[in-house]
Each structure stands twice: as C-alpha cells, then as structure tokens.
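What the coordinates show
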Amino acid sequence: MQRRQFIMLGLAAGATLATGLTLYPMFSEADKTQQQQNASLVLDALLPAILLGALPKTEAEQQQALQSTRQAVLDYLPFLPKRQQAELQQLFFLLSQQLTRLALTGHLLALGELSLEQRLQLLSSWRDSYLTLLQQAYNGLRELLLAAYYGQPAHWQALAYTAPEFRAYE
Amino acid sequence: MNDPIKTGLAKGWRHIDAATLTEDQQFEADVVIIGTGAGGGMTAEILTQAGLSVIMLEQGALWSSSDFRQQERWAYPHLYQDGAGRKTKDQAIAILQGRTVGGSTTVNWTTSIRTPKPTLDYWQAEFGLDFSAEHSLEPYFAKAAGRLHISEWQVPPNPNNAALKRGCENLGWQYTVIERNVHGCANLGYCGMGCPLNAKQSMLVTTIPAALEAGALLVSRVSARQFQWRGEHILQLDAVPVDQHYQPTPSVKLRFKARHYVLAGGAINSPALLLRSKVPNPSGRLGKHTYLHPSVISGALFRDAVSGHAGAPQSIYSDQFVWPKGDEAGFKLEVPPVHPVLMASKLTGMAELHAGMMQKFNHLQVMIALLRDGFHPDAQGGEVQLDADGEPVVDYPLTDYLWRGVQQAYLAMAELQFAAGAEAVMPVHQDAMLYSSWQQAKTAIAGLPLKTYRAALASAHVMGGCNMSADAAKGVVDANGSHYQLQNLSVIDGSVLPSSLGANPQLTLYALAWRNADVLAARLRG
C-alpha cells in the first residue's frame, strides 16, 4: 500500500477512535457476546507475540498459559472505568473489522494470520507512531496483557518468586 | 487468625453492604462522612467519641485481614481505584489509589513523614495558612504517632532499601530511616495488598473499628453521586450502590441526611462529587491544582539477590534533591516494593527483552523519584474533569519544567544505583537500554526524549482540588476544612492540600484530620 493511502486510513481510524461518542451507543448489553469475541480475537493474536520468551516451553503449557491469560484479561476489564472499557472495546472492534484493521495494521491479513514477527513490528509501529491514540493503544494493551500474565502464580516459576499464603486461595 | 472486623461484625457492629439493598432507603445522622481513608477514618473516630452519631460511606467493599490474599491479581481489582488502572486523561501517568474500607491507608506502604517545613512555609507565603506556634501541627503528629504506633523502623532495611542507603553513604547524600505505622509487623512486604496480620495500623484496624464500637454505621459499596443544596446549606446526599465490579448502578436510590457533611473521598473523588453537585465555586479553584508527585522509575541489576518483594517496602528515603537551591523541580528518592504485576506492567518493552528482564526479577533493584509539583508557576498541577458517566478523570499537563525534573531524576537514580554497586542500570523509559557504567548512563540519559509515553510515570499520592487557603478568593475551604460557601460541609482529605508535600502524605493527613475534626466536634456540640 502507498504510504500516503496508509496515512489517510490511519487518520480516518484515529478519528474514529477519537470520536468515541459515535461508536459508544453500539456497545450495549446485547452486544456483550460480540464484544467478547472481538476482544478474544485480538488478544489471541497479540498474546503469543507480546509473551514471546516468557511463555512456558511445551506446546500444551503454552496453550494453557495463553488461554488463562486471555481469560484473566477478560475478567479484569469490567473493573476499569466504563470510559476506558469503551475505548478498549472500540480498539478491539476496529482491529477485528477488515477496513479499519487495514488502516491500523497496514496489512490485508487478519491479525492472527500475521507472523509473530509482524505482530511485534505492528506493536512497535504503534509505540513509535505520531498518532497519540496508537501510542496509547500500545501502552494500554502492553500493560494489560503483561499484568494478566504475571498475575498468575503458575507463571512465577521463571521469576523464582513465591508469595506467602495464610490460607488456601481458591 | 484474628480478624478484628469479622469479630466486631459478629458482635453487632452496624454495617450495611449497599450492594445487597433492594429498596430505596433514607438514612439520618448528625454527620455523614464520605470516604473512609486517612481523613474520613480519623474524623469518624473523633466525632463518634464526641458523642455525635456518624454514618461512614465507602465506595469500596469491607474487606479485612482474613479476606486479603497476597496476590496482586486479587488486590488490584478489589482494593484500588479503577482496579489499579486509574490513569491521567492522556494515560501518561498511572495512579495508584485505594478504594476499600480504610481507603489508601489499607494498601499504602506505611511511610509516615511529618509535613516538611519548607512546604508549610510555602503555604503561609502563598495561601496565608499559619501552622506555626499555637497553630502548629506538631501536637497532632504526636497524637497520630501514639494512636497509630508510628515509630522509626528498627529492623535492617531489605536489600532494595539497603541499596538506596548504601548509594547515599557512598556519595555522601542525605538519607533518613523511615517511620512506619506498624505494630507487630512481620516484615513480609505485602503492605500494598492489605496487611494479612493487622500489623499495619491503617484506618481499617484502628479508627474505623473504634467508630463502629461507639455505634457509628458503615455503609460500604455505595457511590455518593450528588449533594442537593440550597443557598448556603446542603439538604441531602444522593447515592447509589455499586455492582460487583464497583461500578455505580442505580438499582436503588439511597438518601443521606445530616446536620453536617464531611467530604473525605480523596483528591480525585471529592472534587468530582462537588463538580457533579454544581456547588458554588467563586474562587474557580474547585477541581483545579491537582498534584500527583509524578514519579520516575529506574531499574538496576545487582549480582546478589535483591528480592525487592520481601521485607518492609519502604524503610529508607533520601531528601538529597527534594529542596534544591535553584528553582528546578525537586524530587524525593525512595524505592517501591517489587512484585510481579507492578514490575511487569511498568518495565518497558515486550517479548524477549521484557521476558529477559523478568527472569532477573530477584536481582532487580528499583528506585523511584517523586517530583515535588505545585511550588512553581510551571508546575501548577492538573484538573479533575467529569467524563460522560460523571466519573472523574485527571487532566495533568507535563510541562517542560517537570520534564527537566524527570531527566535530573533519571541521572540521580542511575548515579546512586551505580554507587550502590549495580552491574547495570536501566531508566524505565521506552528508549533506554541497560547501561553498564555511570558514564555510559549519564551520556545516554542526556539523549533520552523527554516526551509523554516514552517515560513510564506513576503516582501514588493525589493531592489538591479543594485547596485550603486563608483567603476565600484563593481556596475552596479554610484552614479548618470548612467549605467557604456551604456552611454544613467540611472537606477533610488530601484534596485540601494547596501544593504537593514533597513527602508521603498519610501523616500530614492524619494530623490535619485530627485537628480539623476536633474543631468540627466542638462546633457541632456547641
């Protein structure tokens, strides 16, 4: 794609993200399932990239770690202010739609079809973007995903970290 | 293990979990206190002991020692504002603030510091506030120290704090052993997740039980939405319960009526309630001048294990740079506890780079520098605004003046960490790398872009927004916390501070609350 086109699409997506109010009403209670699907789609694509080097060794353990981390993110989201939740849902929505995904990623492929290397390049491009919204997306997702992964005691072994327990937790 | 809250509830303390209410309800008392942190908790004990009937309101839940678990994934969503995901409007600064019975005192790191004299001098010069001679806070610091077992920490500092001490010693920099509000502390290091041993003398285990014992009513999981007021008086407070994720939900309407209202929701939520209520604001300062002690972070790798998660989280600080001779931004040097989620989310980078740092977790020493905002024309703080849901959001501009402070702080922390024996230092900044010598770090730090999102910034201290002033034209409340326009409203929390403190706030707030609650009790009994 031409750089010029990409910038125009980027600006369009940025404008969509910025004018949250236009999309906000779309996200009603009835859309909860669709929201979860959008979020899962994006999380499933980004988690293996962001957690490269941190995930456990075997394929089975990796799958379990990815699934439990996706679930930890989904469980945590409702504690955020509604404003932040809506922003994240918009990001997940845009990244799961073909046109806006193209604008945000510069790729015709779905996120999950990109190589891990391409997904990391994408995240880096957001980090270094001149668009504030993409920088916020990078920082927000990075923190959310890493916090969800390292919040789980199952992933503390690599850190040689243990926490005291005064009774059984769950 | 003994849980004084569960024991008290079993013997009849009055507590209502608003989330369980199914019908509209009205409550009445002499005084309604909104918020149960340092200000609200202290006020509740003093007013109940003065014989006044008191209702305490808290948006968080009534969690206590037998509920606390030493896991960030439980503590952050349940004990912190916005699930510990609170951030400034542009998302540049993360804000850690408590939201549970006891407020931030339930989750703070126990550091207890008297209000620095230069801060009091600044308040006097700029806001006409006199805390000298017979108005001194000293007697209240002493009372608070007695009530909350505040004393110098006698146990040797953990290696994370010891590095700060050693660096200061080697460089000839000032340092102080911290006073902590603990009694029977086992040196675990989990203060930020709620003390499982009731050793931390937070409001949750001291003043709030005392108020409940004296007959006060605690209503938890309730969100104060709006004051109804006419002329110079508040008529009632409208509130709603919160749901299991602490989101306000209008399932029932709750109405609180009192002779007097004490606002103690902290420096973000207190101004927000007054803004929602559209109270008179002739000074124009309501919700303005919100200070954060924006904090800069620096990581270092040591050959020996540091294990910054174990042991009292803060036992040493350095004031070497907090009151510079020139007019540059001063900063206080401290260390944070090093737990997995806090570190994973703050350390920059991702994938292998991030994973590699996390694998050195126990060898990671971490420093923070708290910028002293509010003392300079170019550091006038942020502003509390309301979003579409009426929830607060802090707009905090980072000025060039503050960015220069950020750079100075990176330099000071790196110099200190190398002086303490670090093998490598990494300023927590998107463009920084691991530097293996002070010279290399010094050159690299000078070139780091001083820009939003590049530097990781955090705040654990929120101050201002309802500032006190001797002159009504320059403040929201007077030196006693009495609101200038509404006769039956006092503000007793961190929002009354007219600048940041240059020190951790809890002891200042205990002393101010004690003093102002005494004044209020005398007035209401009068």
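Residues numbered from 1 in each chain as written. Chains lettered and ligands numbered in written order. Predicted model: local features only at pLDDT ≥ 70, side-chain atom pairs only at ≥ 80, totals over all residues. Heavy atoms only, no water.

Side note on the pattern of salt bridges
Residues and elements named next belong to chain B.
- Applying the stated criterion across every chain yields a total of 21 salt bridges over all chains.
- Put simply, R221 and D17 hold a salt bridge, and the shortest N to O gap is 2.9 Å. Taken together, the positions of R221 in the loop between strand 9 (217-220) and strand 10 (222-230) and D17 in strand 1 (residues 14-17) put the pair 204 residues apart, joining distant regions of the chain. Assigned by exposure class, R221 and D17 land together as buried. (Salt bridge = Lys/Arg side-chain N within 4 Å of Asp/Glu carboxyl O. Helix = DSSP H or I, 4+ residues; strand = E, 2+ residues; numbered from the N terminus. Buried < 20%, exposed > 50% of the residue type's maximum accessible area, 1.4 Å probe, protein only.)

Some details on the domain arrangement of chain B
All names here are of chain B.
- The domain architecture assigned to chain B consists of domain 1 (4-67 + 112-148 + 201-281 + 470-525) and domain 2 (153-186 + 295-372 + 399-451).
- Between domain 1 and domain 2, the C-alpha centre-to-centre distance is 34 Å.
- Across the contact, 16 residues belong to domain 1 and 13 residues belong to domain 2.
- Taking both sides of the interface into account, the surface hidden between domain 1 and domain 2 amounts to around 1000 Å²; carbon and sulfur atoms contribute 46%.
- In this structure, the connection of domain 1 to domain 2 is made through 1 salt bridge.
- Two residues, R114 and E179, come together in a salt bridge whose shortest N-O distance is 3.3 Å.
- The tally of links between domain 1 and domain 2 comes to 6 residue pairs in polar contact (both at pLDDT 80 or more).
- Elements with a contribution of two residues or more to the side of domain 1 that touches domain 2: helix 5 (117-127) and helix 14 (506-525).
- Its residues assigned to classes, the side of domain 1 that touches domain 2 shows 7 nonpolar, 8 polar and 1 charged. (Domains from an automatic or database assignment. Contact = heavy atoms within 4.5 Å. Buried area = accessible area lost by both parts, 1.4 Å probe. Polar contact = N/O pair within 3.5 Å; in protein donor to acceptor, adjacent residues only side chain to side chain. Nonpolar A, V, L, I, M, F, W, Y, C, P; charged D, E, K, R; others polar.)

Describing the sheet that holds strand 19 (residues 392-395) of chain B
Residue and element names in this part refer to chain B.
- What the 3 strands build is an open sheet, ordered 13-18-19; its pairing is antiparallel. Of all the strands in the sheet, just strand 13 (288-290) and strand 19 have a single pairing partner and so form its edges. Mean inter-strand twist for the sheet, computed between neighbouring axes without regard to direction, equals 50°.
- Of the strand pairs in this sheet, strand 13 and strand 18 (residues 382-386) are connected by 2 bridges, and their pairing is antiparallel. When the sheet's bridge partners are listed, K288 is paired in strand 18 with E383.
- Helix 9 (residues 266-276) contacts strand 13, strand 18 and strand 19 of the sheet and is inclined by roughly 50° relative to strand 18. (Pairing = 2+ DSSP bridges. Axes fitted to C-alpha atoms, helices over the stretch in contact; angles between N-to-C directions.)

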